[in-house]
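Read off the chains here:
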Amino acid sequence: MAFTRATGKHRGPSRLARHSAGVAGVATFATAGVIGTLASPALAADTEQPSVEDTGLTQVITEESLAQRVDAQASAQEKEAYEAAARARAAAEAKRKAEARAKEIRAAKERAAREAERKRLASFQLPVSGSYVSTGYKTGGSLWSSGSHTGIDFHAAYGTKVVSVGSGTVVEAGWGGAYGNNIVIRMNDGTYTQYGHLSAIQVSVGQTVTPGERIGVSGSSGNSTGPHLHFEARTGAEYGSDINPISYLRSRGVNV
């Protein structure tokens, strides 16, 4: 009995036909540039295709990823450096402002101190702190050779501190006859003040003094009936140029 090859729609393709179709498929996909990823398992088995390493794809991806990481790192470093520089500039500016402010404060304090010192040196005060006038100006009587009192007397127990009423220069310091131990000061405003009947003198001629500076100690030397301070204000250094000491002190802000 003879057999014939079956034909018709139920007949499967031969191996040769399948191989030919596979080659054709490879050619088609190669033209589209997608060999390997879209091929069927049968085609991959029948057709020998290059590995990923052979195509150079892995190397390209690796180099691109490394370049991206380097760029990102460089950008981060640049940003960090910029921010650090900005912080440094801000700190330097804050320091500059703080130093400028401190300098202004010091200058203001120095100006205030100079002004306070200027005012102090120009001020006047009582020659005996907390004292009062016990004998007034021009009081008459036989106690004074001129017939009247040429100054005023401040109450002061023996040994009480006597100070300069203002700023000036000592022009006399020693025995003054009826005045006993006395001091005469030429004040900075051109007037003169005298301090008499002292028990001790603690300045010398030519010495500069300031308001409230100690110049001697009260007593009862010379023509005196008891311890006190004789104080005179004068227009000149000589005897007889006296002016009202109370008016003199009050005009200079002293409460007498």
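Structure: see above.
Just so you know, these numbers come straight off a predicted model, no measurement behind them.

Conventions and cut-offs
Residues numbered from 1 in each chain as written. Predicted model: local features only at pLDDT ≥ 70, side-chain atom pairs only at ≥ 80, totals over all residues. Heavy atoms only, no water. Phe/Tyr/Trp six-rings, centres within 6.5 Å; stacked < 30°, edge-to-face > 60°. Helix = DSSP H or I, 4+ residues; strand = E, 2+ residues; numbered from the N terminus. Buried < 20%, exposed > 50% of the residue type's maximum accessible area, 1.4 Å probe, protein only. Lys NZ or Arg CZ within 6 Å of the ring centre and 35° of its normal. Contact = heavy atoms within 4.5 Å. Polar contact = N/O pair within 3.5 Å; in protein donor to acceptor, adjacent residues only side chain to side chain. Salt bridge = Lys/Arg side-chain N within 4 Å of Asp/Glu carboxyl O.

With that settled, consider the packing of aromatic side chains. Under the definition given, this model contains three aromatic pairs. Here Phe-154 and Phe-231 contribute two aromatic rings whose centre-to-centre distance is 6.2 Å and whose plane-to-plane angle is 65°, an arrangement assigned as edge-to-face. You can see Phe-154 sitting in strand S2 (residues 152-155) and its partner Phe-231 sitting in strand S9 (residues 228-234), a full 77 residues away along the chain. Taken as a pair, Phe-154 and Phe-231 share a single burial class, namely buried. Members of the aromatic cluster, joined through ring pairs, are Phe-154, Tyr-195 and Phe-231. It is Arg-252 that lies over the ring of Phe-124; its NZ or CZ is 5.5 Å from the centre. Cation over ring: Arg-252 sits above Tyr-248, and NZ or CZ is 3.9 Å from the ring centre.

Mapped onto the secondary structure, Arg-234 falls in strand S9. On the accessibility criterion, Arg-234 (3% relative accessible area) is buried. When the C-alpha positions of Arg-234 and Thr-191 are compared, they lie 6.1 Å apart, and in sequence the two are 43 residues distant. Those residues in contact with Arg-234 that sit more than four places away from it in its chain are Tyr-179, Thr-191, Tyr-192, Gln-194, Tyr-239, Ser-241, Asp-242 and Ile-243. In terms of polar contacts, Arg-234 uses its side chain to reach the backbone carbonyl oxygen of Ala-237, at 2.8 Å.

So, on to the pattern of salt bridges. The tally for this structure, following the rule as stated, stands at seven salt bridges. A salt bridge links Glu-93 to Arg-96, with the shortest nitrogen-to-oxygen separation between them at 2.7 Å. Remark: Arg-96 and Glu-93 occur in helix H4 (residues 57-122); sequence separation between them is three residues, near one turn of the helix. The salt bridge involving Asp-189 is made with Arg-252; its shortest N-O contact spans 3.0 Å. Within this pair, whereas Asp-189 is found in the loop between strand S5 (181-187) and strand S6 (192-201), its partner Arg-252 is found in the segment after helix H5 (245-250), the two being separated by 63 residues in sequence.

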